[in-house]
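One letter stands for each residue in the lines below.
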Amino acid sequence: MIVPLALCLALLGGLAHGAPSALIAERAAAIEPEVIHWRRDFHRHPELGNREFRTAAIVARHLKSLGYDLRTQVAHTGVVGVLRGGRPGPVIALRADMDALPITELTGLPYASTAQAEWRGETVGVMHACGHDAHTAILMGVARLFADLRDQLPGTVVLIFQPAEEGVPPGETGGAWQMIQEGVLDDPAPEAILALHVAPDPLGHFTYTPGAALASADPLTITVRGEGVHGATPWFGVDPVVVAAQIILGLQTVVSRQTDLVASPAVVTIGALRGGNRGNVIPDEVVLEGTIRTLDAKVRGRIHQQVRRTATAIASAAGAQAEVRIDVQAGYPVTVNDDALTEEMVAVLRRNFGAQRVYTYPPVTGAEDFGFFAQRIPGFYFYLGIASPDWEEVHVNHSPRFRIDERALRDGVIAMTELAFAYLQERAP
């Protein structure tokens, strides 16, 4: 697109004063077909966490072609691009996650995934059922706009294309935590970080949660050891199946009777139980697997203690033993939106998209490893609605039928670009 010089100067003048920028909107519209193409390509070729080799290569080539300083193979497959603007100013980071899920797609779209991969020893379908294909394509579009407006950019942008947000394969490390360990927030050091996530909300609407936005998520494993005997004579042993059942019921009191739910919601769920292989044989051991979700760091610590106490005490009372493992390192912290940054960014969204399209959303007990970034520096995590008003049925994230209205992609590019420019301009010398 060729824009007359006088118009460019007028539009960039508006940008410099924080007003809605028609230039950004026009350039986002111009690259919209390319952003849609990227998104459909990623959707057709999804990759699981720590295996995003093809996706990362496409991202890296794009950033390199735009003149970004590039780091690749960060946390296995992550890509980081740094662009220093033509004007002095602070540093801000923007994150997009790249990984897909072990889900067989059922959308019937012409670009639907037919990919398969191995997950936990099984061959599974692979699908972008959470919208990370959209996140990656949007941030690639943002990268193009920053490069086009580099001379007017008042500071530095760090674009983080993150692997393995949905979790790493067993026995591996990765994701946001690993990227931080490998220095993604160090040189240059961002002063704040932003992330967008698509959601089954009305098309082009933006939602956010002040403060604690997403829960911590800690994997829980309880191994109950008894003494196996014949099912006809249980009194000769210690039945770990019955003890495990009592522990499952007892854990529900951790939330319902020991946690102040008015102050902070919490969830303790057991989702898997393994033990025994015959109906007339009591096994020696039963293993329970679950998850602990909280929206407050102090509540998180207390619930960990209460889960350990409840499980070990119930087992001891029955003559069994319970080994409780809460894998904090494999878990995610609470994702907290910084108060001041949230207020500032929400004002920018409302100015650009209208107050009727920007509103709060209740905290959710889903989890996001963006929380690791937001622990280190102020973070703002928000949602972009992708549900078409023409759809009869809207499917939520992680559904095999999850889809997006691609008209939302342009809004995502505009939003992320405007937010970053506004943040940098406000703090530029």
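All values derive from a computational prediction rather than experimental measurement.

Draft legend 1. How the structure looks around the overall build of the chain. Looking only at helices and strands, the chain features 10 helices and 16 strands. In terms of overall dimensions, the chain is globule-like: its C-alpha atoms have a radius of gyration of 24 Å, near the 22 Å expected for 429 residues. By sequence separation, contacts in the chain at least 24 residues apart represent 81% of the contacts at least 6 residues apart. On the chain, the mean spot of the 35 positive side-chain charges and the mean spot of the 47 negative ones are 1 Å from each other.

Draft legend 2. Just the sheet that holds strand β16 (residues 379-387), in detail. The 8 strands are arranged β1-β2-β6-β3-β7-β16-β8-β15 in an open sheet whose pairing can be described as mixed. Each edge of the open sheet carries a strand with a single partner, namely β1 (69-74) and β15 (358-360). Going from strand to strand, the sheet's axes swing by 25° on average, the running direction of each strand aside. Alignment of strand β8 (residues 206-208) against β16, held across 3 bridges, turns out to be antiparallel. Pairing of T207 across the sheet is with Y383, part of β16. Each of β1, β2 (78-84) and β6 (154-162) is contacted by helix α3 (residues 53-65), which is oriented at about 10° to β2, the strand it contacts most. Running at roughly 160° to strand β3 (residues 87-97), helix α4 (residues 132-148) makes contact with β2, β3, β6, β7 (192-202) and β16 of the sheet.

Draft legend 3. Geometry of the nonpolar core. With 72 residues, the main nonpolar core has Y68, F146, F161, F380 and F382 as its most contacted residues. Per element, the largest residue contribution to this core is 12 residues, and it comes from helix α10 (residues 408-427).

Draft legend 4. Fine view of the packing of helix α6 (residues 240-256) against helix α7 (residues 297-317). Running from N to C, α6 and α7 cross one another at 150°; their axes reach a closest spacing of 9 Å. In the packing of α6 onto α7, the handedness of the crossing is right-handed. Residues V243, Q246, I247, G250, L251 and V254 of α6 form the contact with α7, whose participating residues are I303, Q306, V307, T310, A311, I314 and A315. Of the residues in the contact of α6 with α7, the class split is 9 nonpolar, 4 polar and no charged.

Draft legend 5. Quick peek at the pairing of strand β5 (residues 122-125). Bridge analysis of strand β4 (residues 116-119) against β5 gives 4 bridges, and the strand direction is antiparallel. Directly across from Q116, in β5, lies its bridge partner G125. Linking β4 back to β5 in an antiparallel pair, the connection comprises 2 residues, with R120 at a positive phi of about 55°.

Draft legend 6. Structural context of the packing of aromatic side chains. The final tally for this structure, using the stated rule, is 11 aromatic pairs. Between Y208 and F380 the ring centres are 6.5 Å apart and the planes differ by 55°, which places this aromatic pair in the tilted class. A residue pair is termed long-range when its members are at least 10 positions apart, and Y208 in strand β8 and F380 in strand β16 qualify at 172 residues. A single burial state applies to Y208 and to F380, both of which are buried. Ring geometry for F380 versus F382: centroids 5.1 Å apart, planes at 10°, classification stacked. With respect to class, F380 is no different from F382; both count as buried. Each residue in the set F206, Y208, F353, F380 and F382 is aromatic and connected to the rest through ring pairs, giving one cluster. Directly above the ring of W391 sits R403, whose terminal nitrogen or CZ lies 4.2 Å from the centroid.

Draft legend 7. Seen up close, the environment of E191. The residue E191 is located in the loop between α5 (175-181) and β7 in this model. Along the sequence, E191 and T173 sit 18 residues apart, while their C-alpha atoms lie 26 Å from each other. Residues in contact with E191, not counting those within four places in the same chain, are P90, V91, I377, P378, Y423 and R427.

Draft legend 8. Molecular detail of the pairing of strand β10 (residues 216-225). Judged by how many residues are buried, β10 sits mostly within the fold: 7 of 10 residues are covered. In this structure, β10 lies alongside strand β12 (residues 285-294), joined through 10 bridges in antiparallel fashion. Across the sheet, residue V224 finds its bridge partner in β12, namely V286. Examined bridge by bridge, β10 and strand β13 (residues 321-326) share 6 bridges and lie antiparallel to one another. Its bridge partner lying in β13, T223 is registered against E323.

Draft legend 9. Just α7, in detail. In a regular helix each residue adds 1.5 Å, so 21 residues correspond to 30 Å; α7 covers 31 Å between its end C-alpha atoms and thus fits that length. Along α7, the residues classified as buried are V299, R300, I303, H304, Q306, V307, T310, A311 and A315. Against the buried residues of α7 lie β10, α6, β11 (266-274), β12 and β13. Sitting at the head of α7, D296 places a side-chain oxygen 2.9 Å from the backbone nitrogen of K298. G319, located one to two residues past α7, shows a positive phi value of around 85°.

Draft legend 10. Examining α4 more closely. End to end, α4 covers 24 Å across 17 residues, agreeing with the expected 24 Å (1.5 Å per residue, within 8%). Counted residue by residue, α4 has 16 buried out of 17 residues, so it is predominantly covered.

What counts, and at which threshold
- The residue numbering used here restarts from 1 in each chain and proceeds along that chain's sequence as written.
- Thresholds applied to this predicted model are a pLDDT of at least 70 for local features of residues and 80 or more for the giving and counting of side-chain atom pairs; totals over whole chains, interfaces and linings are not thresholded and use all residues.
- Side-chain calculation: all heavy atoms of the structure are included, whereas hydrogens and water are not.
- Numbering of helices and strands runs from the N terminus, with a helix taken as a DSSP run of H or I at least four residues long and a strand as a DSSP run of E at least two residues long.
- Taken over C-alpha atoms, the radius of gyration is set against a globule rule of 2.2 Å times the number of residues to the power 0.38.
- Two residues form a contact once any of their heavy atoms are found within 4.5 Å.
- Lys and Arg are tallied as positive, Asp and Glu as negative. Neither His nor the chain termini are counted.
- All charge positions are set by atom: Lys at NZ, Arg at CZ, Asp at CG, Glu at CD.
- The rule for pairing is simple: two strands pair if DSSP sees at least two bridges between them.
- Between N-to-C directions, angles span 0 to 180 degrees; the directions come from axes that are lines fitted to C-alpha atoms, helices contributing only their stretch in contact.
- To define a nonpolar core, start from buried Ala, Val, Leu, Ile, Met, Phe, Trp, Tyr and Cys residues and group those joined through side-chain atoms within 4.5 Å.
- Relative accessible area decides the class of each residue, using a 1.4 Å probe on protein chains only: under 20% of the type maximum gives buried, over 50% gives exposed, and in between gives partly exposed.
- Each crossing is labelled by how the near helix is turned from the far one, with a counterclockwise turn of less than a right angle marking it left-handed and a clockwise turn marking it right-handed.
- Polar here means any residue outside two lists: the nonpolar Ala, Val, Leu, Ile, Met, Phe, Trp, Tyr, Cys and Pro, and the charged Asp, Glu, Lys and Arg; Gly therefore counts as polar.
- Aromatic rings from Phe, Tyr and Trp, with only the six-membered ring used for Trp, were paired whenever their centres fell within 6.5 Å, and each pair was classed as stacked if the ring planes differed by under 30 degrees, edge-to-face if by over 60, and tilted otherwise.
- The criterion for a charge sitting over a ring is simple: Lys NZ or Arg CZ within 6 Å of the ring centre, and within 35 degrees of the ring normal.
- Multiply 1.5 Å by the residue count of a helix minus one, and that product is the helix's expected span.
- Polar contact criterion, stated in full: a pair of N or O atoms within 3.5 Å, where within protein one must be able to donate a hydrogen and the other to accept it, and residues adjacent in sequence count only if both atoms are side-chain atoms.

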